[in-house]
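Here are the chains, one letter per residue:
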Amino acid sequence: MIVTLLTDYGLRDEFVGVCHGVIRRIAPEVPIVDLTHGIPRHGVREGALTLRNALPYAPPGVHVAVVDPQVGTERRAVALRCAEDDRVLVGPDNGLLALAWERFGGVVEAVDVSRSPHRLEPLSATFHGRDVFVPVGAALAAGEPLADAGDPLDPDELTPLELPQPRREEGALIAHALTVDGYGNIALNVAHEDALAAGIRLGDSVRVNSHVGTVVQTFADVSAGELLLYEDAWRSLALAVNRGDAAELLRLRPDDEVRLAPRG
Amino acid sequence: MIVTLLTDYGLRDEFVGVCHGVIRRIAPEVPIVDLTHGIPRHGVREGALTLRNALPYAPPGVHVAVVDPQVGTERRAVALRCAEDDRVLVGPDNGLLALAWERFGGVVEAVDVSRSPHRLEPLSATFHGRDVFVPVGAALAAGEPLADAGDPLDPDELTPLELPQPRREEGALIAHALTVDGYGNIALNVAHEDALAAGIRLGDSVRVNSHVGTVVQTFADVSAGELLLYEDAWRSLALAVNRGDAAELLRLRPDDEVRLAPRG
Amino acid sequence: MIVTLLTDYGLRDEFVGVCHGVIRRIAPEVPIVDLTHGIPRHGVREGALTLRNALPYAPPGVHVAVVDPQVGTERRAVALRCAEDDRVLVGPDNGLLALAWERFGGVVEAVDVSRSPHRLEPLSATFHGRDVFVPVGAALAAGEPLADAGDPLDPDELTPLELPQPRREEGALIAHALTVDGYGNIALNVAHEDALAAGIRLGDSVRVNSHVGTVVQTFADVSAGELLLYEDAWRSLALAVNRGDAAELLRLRPDDEVRLAPRG
């Protein structure tokens, strides 16, 4: 069974390589997919959104995610099975996994793996990816039963994740920046239907805070340097600048409000 | 059969991880080699040069490349077979693949995969790596015939790539910066023979624009901070600064002219 | 048998991808673990420390390491077998491998692979990762005997690596920064016992140069922005700032001295 990894460890240091080594000791043959290790440091919500978006494109398997600002404290470490696809998620119980389990039909079984028999000893206080989440995930991928990986846990006790909601205000749509990718493209908390309901349609000119953008299908539909609104590859409304950086232009960071006003 | 990937997606975001997931759904067992995902954004020529240089060191297989500033427009998506090694290239038809197919004896079979039966639905307008190029490449690596991956295409209709040519001028060689690597080393469009013909020989002192460098074999042959000219690992004449950054020193970017004048 | 890689090549360029391609030509099926390619350029000591720390978490195999400022000169290229675990190390003989072989019981067999029959021809002057270390490592992983990979070499001739030693001075411990990770966390050359001997204990307040930090178990034990001393995941005393950058706060780089004075 495949193991996927998603973390905020970055690729400069040896953290990810050590996690791969740990997997190879426990499950020498399982395929490993690194979904990304570039989640912004401590970006639990960015991690949760990215995991939800990426997982449907990966085969079902054991999906380990680590964005863990409370590592070494009493926060819970969990492993759980989703209703759909038999997917297993492993990570800290801080909301990081919540959007993914919602996407796959909710949680049917959960265990607290903080004291899992699969964890490595001695346990460090700061690197539970290496010592807890990855060895637990590798053991599960190698065929160990979920029930044996930790103590039973009521799925209702798992920590959910709240996302900001867009709202209508004086003919405008007040949305929020959810994530900013490496190119400065900004995903908004606006689904295709929300955009339509707010009167934002292909070809429209839209005021975006104090700037103006055009609703198009793809980058090359506007000139270099121009702001565009488009449905991104995850079907959210998003902001970009063709061959530029929308986050820089608009000075937006995750969680910031964005006022969208169609100009007809 | 192996799949190799080369893109300008970077490693900060989940784009590459999602492409790996897509491959694993279609071809669970094929080896994957990430040649690089650090091609400068929209750097079609850098991508083409890097693909040509790197491929001979990888086993024959399916070689997917994505540097695609016109994604979502009417530009063609193609898959093709080279005369040598049975290598298959997949990518946008914008010149990105041209140097590689020249290196492997030209194209013997080509198909337009824009509407390939292997592509993912719904098709996004901005992420054809995930939705077209990678699933087509994975299907081919899993054994699907090239002819079934799209509509037949005359190889002569494929988009070529023109490189700038060096020229002689008043005892100097006017060359061009082709690529700049992460250390600031600059590959020039000057082959070993061109350098010899221009009188540039091991041990020589050469004027490089307004600086002076020495022709040596390797970095440690000059002191720290000194400019060197050397035959790089791809057998092109290149500029570097030992423990420094030649692109910064010389203020050079890809396509810029470089005047090389041997000082005897 | 597994191959692990550790280099200072970075991930922007195609260097690592080409090394993977070379491995796949020689040993199509061996698992590959990239321990890290983010060692600071020419950081032989950082590479040596990272290799020593990471290897125990990876399965025994062939461990290729390349941080090689003297590439192309007469420095030796070596492959060697450690006393424990049958681990094989391959790399330049510049101290990079020394801490790892000490960790695994010393060297029982060594060969000079500078003119190895496994190296690629033509040999470049600047990319011996591709042309020497990786093909030698891949051949060994594929089952070639170590003795056939090069010329016999007395293990006593291998280049060792000296680390700075901490010292006591007027009630303070003068330590050194060994490595700085991507978050600005600083590992010191102070083992758990050294810290205890110097009177540095959990809960203590400690003067660190002109700053003050608290000895705790994990990041979240202090407020955001505060300096902490903790035992890191490799069991060294380390400095960090919760949600901040200790190297920036303390203006420390590898090799710098750090004065630690317990305040009781």
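Worth saying up front: this structure is predicted, and the values here are computed from it rather than measured. (Residues numbered from 1 in each chain as written. Chains lettered and ligands numbered in written order. Predicted model: local features only at pLDDT ≥ 70, side-chain atom pairs only at ≥ 80, totals over all residues. Heavy atoms only, no water.)

1. Concerning the overall build of chain A
Point 1. Per the secondary structure count, chain A includes six helices and 15 strands.
Point 2. The globule rule puts the C-alpha radius of gyration for 264 residues at 18 Å, and the 20 Å found for chain A is close to it.
Point 3. Principal axes of the C-alpha set define a box for chain A whose edges measure 60 × 35 × 30 Å.
Point 4. The proportion of buried residues among the 264 residues of chain A is 61%. (Helix = DSSP H or I, 4+ residues; strand = E, 2+ residues; numbered from the N terminus. Rg over C-alpha atoms; globule rule 2.2 N^0.38 Å. Buried < 20%, exposed > 50% of the residue type's maximum accessible area, 1.4 Å probe, protein only.)

2. Some points on the nonpolar core
Point 1. By size, the foremost hydrophobic cluster in this structure holds 65 residues, and its most contacted members are A:Leu80, A:Leu97, A:Trp101, B:Val64, B:Val90 and B:Leu140.
Point 2. Among the elements that take part in this core, helix α4 (residues 128–141) of chain B stands out by supplying seven residues, more than any other.
Point 3. Discounting chain neighbours no more than four positions away, the residues touching A:Leu80 are A:Arg87, A:Val88, A:Leu89, A:Leu97, A:Trp101, A:Val107, A:Glu109, A:Ala110, A:Leu146 and A:Leu158. (Core = buried A, V, L, I, M, F, W, Y, C linked by side-chain atoms within 4.5 Å. Contact = heavy atoms within 4.5 Å.)

3. Thoughts on the packing of helix α1 (residues 15–26) of chain C against helix α4 (residues 128–141) of chain C
All names here are of chain C.
Point 1. Contact geometry of α1 with α4 gives a least axis separation of 9 Å together with a crossing angle of 40 degrees. The orientation of α1 with respect to α4, classified from their angle, is oblique. The two elements α1 and α4 meet at a crossing, and its hand is right-handed. Along the contact surface, α1 presents Val18, Cys19, Val22, Ile23 and Ile26, while α4 presents Gly129, Arg130, Val134, Pro135, Ala138 and Ala139.
Point 2. A breakdown of the residues in the contact of α1 with α4 according to their chemical character gives nine nonpolar, one polar and one charged. (Axes fitted to C-alpha atoms, helices over the stretch in contact; angles between N-to-C directions. Parallel < 35°, antiparallel > 145°, perpendicular 65-115°, else oblique. Left-handed = near helix turned anticlockwise from the far one by under 90°. Nonpolar A, V, L, I, M, F, W, Y, C, P; charged D, E, K, R; others polar.)

4. A look at the interface of chain A and chain C
Point 1. Taken together, the contacts link 29 residues of chain A with 34 residues of chain C.
Point 2. Looking at the side of chain A facing chain C, the largest losses of area belong to A:Arg12, A:Glu14 and A:Arg41, adding up to 26% of the total buried there. (Buried area = accessible area lost by both parts, 1.4 Å probe.)

5. What about the environment of A:Phe127?
Point 1. With respect to the helices and strands, the residue A:Phe127 is situated in the loop between β6 (107–112) and α4 (128–141).
Point 2. Excluding its chain neighbours within four sequence positions, the residues that come into contact with A:Phe127 are A:Tyr9, A:Phe15, A:Val18, A:Cys19, A:Val71, C:Ala233 and C:Trp234.

6. Description of the interface of chain B and chain A
Point 1. With 29 residues of chain B at the interface, the matching set in chain A holds 35 residues.
Point 2. For the chain B and chain A pair, buried surface summed over both sides reaches about 2500 Å², with 58% attributable to carbon and sulfur atoms.
Point 3. It is B:Arg12, B:Glu14 and B:Arg41 that lose the most area in chain B upon contact with chain A, and together they represent 25% of the buried surface on that side.
Point 4. Between the two partners, chain B and chain A, sit zero salt bridges.
Point 5. Across the contact surface, chain B and chain A share 13 residue pairs in polar contact (both at pLDDT 80 or more).
Point 6. Ranked by residue count, the leading element in the side of chain B that touches chain A is helix α1 (residues 15–26) of chain B, at eight residues.
Point 7. Of the residues assigned to the side of chain B that touches chain A, the class counts are eleven nonpolar, ten polar and eight charged. (Salt bridge = Lys/Arg side-chain N within 4 Å of Asp/Glu carboxyl O. Polar contact = N/O pair within 3.5 Å; in protein donor to acceptor, adjacent residues only side chain to side chain.)

7. Here's the deal with the confidence of the model for chain A
Point 1. Confidence along chain A averages 96 in pLDDT terms, with 100% of residues attaining 70 or more.
Point 2. Across the assembled chains, the prediction reports ipTM 0.96 with pTM 0.96. (pLDDT = per-residue confidence, 0-100.)

8. A look at the sheet that holds strand β1 (residues 2–7) of chain A
Point 1. Spatially, β2-β1-β3-β5-β4-β6-β7 (chain A) is the arrangement adopted by the seven strands of the open sheet, whose pairing is mixed. With partners counted over all chains shown, the strands left at the sheet margins are β2 (32–36) and β7 (151–153) of chain A, one partner each. With direction set aside, neighbouring strand axes in the sheet form an average angle of 25 degrees.
Point 2. Two elements, strand β4 (residues 77–82) of chain A and strand β5 (residues 88–92) of chain A, share five bridges in a ladder whose sense is antiparallel. In the sheet register, A:Ala77 faces β5(A), and the bridge partner there is A:Pro92.
Point 3. Taken strand by strand, α1(B) contacts β1 and β2 of chain A, and its axis lies near 150 degrees from that of β2(A). (Pairing = 2+ DSSP bridges.)

9. Regarding the relation of the copies chain B and chain A
Point 1. By a simple turn and slide, chain B fits onto chain A: the slide is 0.0 Å along the axis, the RMSD is 0.0 Å, and the turn is 120 degrees. On the angle and the small slide along the axis, the relation comes out as a three-fold axis. Considering only C-alpha atoms, the part of chain B nearest the rotation axis is B:Leu11, at 4.9 Å.
Point 2. Mapped onto chain A, only 3% of the interface residues of chain B are again interface residues, and the two copies thus contact each other with different surfaces. (Least-squares fit on C-alpha atoms with pLDDT ≥ 70 in both.)

10. Observations concerning the packing of aromatic side chains
Residue and element names in this part refer to chain A.
Point 1. Throughout the structure, instances matching the rule amount to 21 aromatic pairs over all chains.
Point 2. Consider the rings of Tyr9 and Phe15, whose centres lie 5.9 Å apart with planes at 70 degrees: the pair is edge-to-face.
Point 3. Overall, the relative accessible area of 12% leaves Tyr9 in the buried class.
Point 4. Here Phe15 falls in the buried class, since its relative accessible area comes to 11%. (Phe/Tyr/Trp six-rings, centres within 6.5 Å; stacked < 30°, edge-to-face > 60°.)

11. Some thoughts on the side chain of B:Asn185
Residues and elements named next belong to chain B.
Point 1. Inspection of the secondary structure assignment puts Asn185 in the loop between β9 (172–180) and β10 (186–191).
Point 2. We classify Asn185 as buried; its relative accessible area is 6%.
Point 3. For Asn185, the contacting residues outside a window of four places in its chain are Thr179, Val180, Phe219, Tyr230, Leu239 and Ala240.

12. Examining the sheet that holds strand β5 (residues 88–92) of chain B
Residue and element names in this part refer to chain B.
Point 1. Strand order in the open sheet made by the seven strands is β2-β1-β3-β5-β4-β6-β7, with mixed pairing throughout. Strands at the two margins of the open sheet, each flanked by one partner only, are β2 (32–36) and β7 (151–152).
Point 2. Strands β1 (2–7) and β2 of the sheet are contacted by α1, whose axis makes an angle of about 155 degrees with β2.

13. A word on α4(A)
Residues and elements named next belong to chain A.
Point 1. Spanning 14 residues, α4 covers 18 Å between terminal C-alpha atoms, matching the ideal 20 Å at 1.5 Å per step.
Point 2. Along its length, α4 shows its largest kink, about 35 degrees, at Val134, and proline Pro135 lies within four residues downstream of that point.
Point 3. In terms of burial, α4 is largely enclosed, as 14 of its 14 residues are buried. (Expected span 1.5 Å × (residues − 1). Bend = angle between axes of the 7 residues up to and from the residue.)

14. Here's the deal with the relation of the copies chain A and chain C
Point 1. You can overlay chain A on chain C at an RMSD of 0.0 Å; the transform is a turn of 120 degrees with a shift of 0.0 Å along its axis.
Point 2. When you check the interface residues of chain A against chain C, a mere 3% turn up at the interface there too, and the two sides of the contact use different surfaces.

15. Quick word on the pattern of salt bridges
All names here are of chain C.
Point 1. According to the stated counting rule, one finds 39 salt bridges over all chains in the structure shown.
Point 2. When the shortest N-O distance is used, the salt bridge between Arg45 and Asp255 registers 2.6 Å. With Arg45 in helix α2 (residues 44–54) and Asp255 in the loop between α6 (246–250) and β15 (257–262), this pair connects stretches of sequence that are 210 residues apart.
Point 3. Look at Arg45 and you get buried, because its relative accessible area is 13%.
Point 4. A salt bridge links Glu231 to Arg235, with the nearest nitrogen and oxygen atoms 3.3 Å apart.

16. Focus on unusual backbone geometry
Point 1. For the bond from A:Glu121 to A:Pro122, the omega torsion is -5 degrees, close enough to zero to count as cis.
Point 2. Along the chain, the position of A:Pro122 falls in the loop between β6 and α4.
Point 3. At C:Arg243, a residue that is not glycine, the phi angle is positive and equals roughly 55 degrees.
Point 4. Relative to the assigned elements, C:Arg243 resides in the loop between β14 (236–241) and α6.
Point 5. Its relative accessible area of 47% is what places C:Arg243 among the partly exposed residues.

17. Some words on the environment of B:Val33
Point 1. One can find B:Val33 in strand β2.
Point 2. Along the primary structure B:Val33 and B:His63 are separated by 30 residues, whereas in three dimensions their C-alpha atoms are 9.4 Å apart.
Point 3. Beyond its immediate stretch of four places on either side in the chain, B:Val33 contacts B:Ile2, B:Val3, B:Thr4, B:Leu5, C:Gly17, C:His20, C:Gly21 and C:Arg24.

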